[in-house]
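# A structural walkthrough
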Amino acid sequence: MVAMEPTLQQVNHGMTDTGVKRCARCVMPENYPGIAFDAEGVCNFCRYFETHWGSWVASEKEKARSEAKLRGIFDAAKQKGKPYDALIGISGGKDSSYCLYLCRKVYGLKVLTFTMHNGFLPDAAKHRIQKLVEAFDVPHFYHRDPLVLELARVFMRKTGNFCAPCELATFNLSAIIAREYDIPLIVLGSSSRTDGSPPKVLNPWDPAYFAKVLKDEPYQERLRCSLFARNYLVRAGLARVFGRRRIVILPDYVEWDEEKIAELFEQDFGIQFDEEHSDCIASGVADYLYRRKCKGSGRKVMKYSVLIRGGKMSREEALERLGENDGDSPTLNLDRFIELMGMTRDEFNEASERSPGSYMRGLPRFYNALRRRVRRQV
Ligand SMILES: [Zn+2]
């Protein structure tokens, strides 16, 4: 075969040498769940981003306005004079650490911190948490409920994805602690502007989906007595829609440059973050499962696409990095994960073919509407 220069048509439409058509602006491929390209070859994720974040990214004025708004929210919380102004769940990862830094050092809030120990927390993350708690002088506690890991096994077996119990537990736990300690604000470090989340059809975690998966499982009594007993997601979403703000998605208001964040922590606090999602030993396995179902597209594609949209990476660099083929390398911690799941390798392989789809029928519109409102996300 004769190697041919790509035609102008192919270049315009983001065709690459691997033959995968990608968005002309980011690097999302055509086989990604829920993707659509317009006449200019730009994907719906990019268009949505443009509508919701385009002017923020481009305008210093708008950034200053949103930062002023954030100060207003924090000042109002301080004026309430409660023992704590804000609650932050710290995972030992970059984003939650930066939330803690901003809230304590920049905005001077009184902060309570907690960590959801899902059974997958690496030792390195625990050491970072210890350092953070000391450096920022904040009270902190761990919550470790074996139920979360038990449910992760059920979800892995039935849906080929195991993140839902931890996602929902972490969210509910923050709602419960905030209420128990009468804390006006819950501060989160994950925003649709800065985070490439997996396709929601592969990682749903809303309470209706959660209940459907567990419907025929012998967990009902335990769930009633657990932190899964109430629908905090809907409460928080509705509160937000009606203007009663409790959740603050911090990257929505201020610059969030991961390289600078890493530098700051290394220089000022001697804390290093080894890699993306270094706060969960199962994150590599989760990514492997996404890649299997998205024909090779995993977190890297999503992350780079978000960085491109935010002006933090060029499309050329992203394509180059995607070309460095480490996607098929043996999955990090796979043996340990399989052991924790109490599965054999064959059972894992069989489960990894499944997907959440069959448990999602008929419900997600309401949750998606809330999600759009709260997270400004497709
Ligand atoms: Zn795109």
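Our next topic: the overall build of the protein chain. Within the protein chain one finds 17 helices and five strands. Going through the 378 residues of the protein chain one by one, you find that 50% of them count as buried. Across the protein chain, every contact between residues at least 6 apart in sequence was considered, and the portion connecting residues at least 24 apart equals 77%. Carbon together with sulfur atoms contributes 50% to the accessible area of the protein chain, which is approximately 18800 Å² in total.

Let us now look at the environment of Ala64. Relative to the helices and strands, Ala64 is located in helix α3 (residues 60-79). Residue Ala64 is classed as partly exposed on the basis of its relative accessible area of 46%. Sequence separation of Ala64 and Val254 is 190 residues, and the distance between their C-alpha atoms is 8.4 Å.

Those residues of helix α10 (residues 232-241) that sit buried are Tyr232, Leu233, Val234, Gly237 and Ala239. Downstream of α10 by a residue or two, Gly243 has a phi angle that is positive, lying close to 80°.

Strand order in the open sheet formed by five strands is β3-β2-β1-β4-β5, and the pairing between neighbours is parallel. Each having just a single partner strand, β3 (140-143) and β5 (247-249) make up the two edges of the open sheet. Taken over all neighbouring pairs, the strand axes of this sheet differ in orientation by 25° on average, direction set aside. In terms of strand pairing, strand β4 (residues 185-188) meets β5 through three bridges, oriented parallel. Following the sheet pairing, Leu188 is matched in β5 by Ile249. Sheet strands in contact with helix α7 (residues 164-180) are β1 (86-89), β2 (111-116), β3, β4 and β5, and its direction is about 150° off that of β2.

What follows concerns the pattern of salt bridges. In this structure the tally under the stated criterion is 22 salt bridges. Across the salt bridge formed by Lys303 and Glu258, the nearest N and O atoms sit 2.6 Å from each other. Taken together, the residues span a long stretch of sequence, with Lys303 in helix α13 (residues 299-309) and Glu258 in helix α11 (residues 258-269) at a distance of 45 residues. Classification of Glu258 as buried rests on a relative accessible area of 16%. Taking the shortest distance from any N to any O, the salt bridge between Glu350 and Arg354 comes out at 3.1 Å. Salt bridges sharing partners connect three or more residues here, namely Arg25, Asp38, Glu40, Arg47 and Glu50.

Around the zinc ion, the protein contributes the donor atoms Cys23 (SG), Cys26 (SG), Cys43 (SG) and Cys46 (SG), which lie 2.3 Å from the metal centre. Positions of the donor residues of the zinc ion, expressed as sequence spacing, correspond to C-x2-C-x16-C-x2-C. Taking the relative accessible area as the measure of exposure, Cys26 reaches 0% and is therefore buried.

Moving on, we come to helix α5 (residues 123-136). Three or four residues apart is the spacing at which side chains of an α-helix point the same way, because the helix has 3.6 residues per turn. Compared with the 20 Å implied by 1.5 Å per residue over 14 residues, the 20 Å span of α5 between its first and last C-alpha is a close match. Residue Asp137 follows α5 closely and has a positive phi angle near 50°.

Moving on, we come to the pairing of β2. The element β2 is largely enclosed, with a buried count of six among its six residues. A two-sided burial pattern is seen for β2, the buried positions comprising Val111, Thr113 and Thr115 on one face and Leu112, Phe114 and Met116 on the other. Across four bridges, β1 lies against β2 in parallel orientation. Looking at the pairing, Ala86 lines up with Val111 of β2. Note that the unit made of β1, helix α4 (residues 94-106) and β2 has a crossover that is right-handed. The sheet contact formed by β2 and β3 spans four bridges and is parallel. Within the sheet, the bridge partner assigned to Met116 lies in β3 and is His143. Once the chain exits β2 it traverses α5 before rejoining the sheet at β3, and the crossover so formed is right-handed.

How each quantity is defined
Residues numbered from 1 in each chain as written. Predicted model: local features only at pLDDT ≥ 70, side-chain atom pairs only at ≥ 80, totals over all residues. Heavy atoms only, no water. Helix = DSSP H or I, 4+ residues; strand = E, 2+ residues; numbered from the N terminus. Buried < 20%, exposed > 50% of the residue type's maximum accessible area, 1.4 Å probe, protein only. Contact = heavy atoms within 4.5 Å. Areas by Shrake-Rupley, 256 points an atom, 1.4 Å probe, with all protein chains shown as cover. Pairing = 2+ DSSP bridges. Axes fitted to C-alpha atoms, helices over the stretch in contact; angles between N-to-C directions. Salt bridge = Lys/Arg side-chain N within 4 Å of Asp/Glu carboxyl O. Donors = N, O, S within 2.8 Å, 3.2 Å for Na, K, Ca; no water. Expected span 1.5 Å × (residues − 1). Right-handed = clockwise from strand over helix to strand, strands pointing away.

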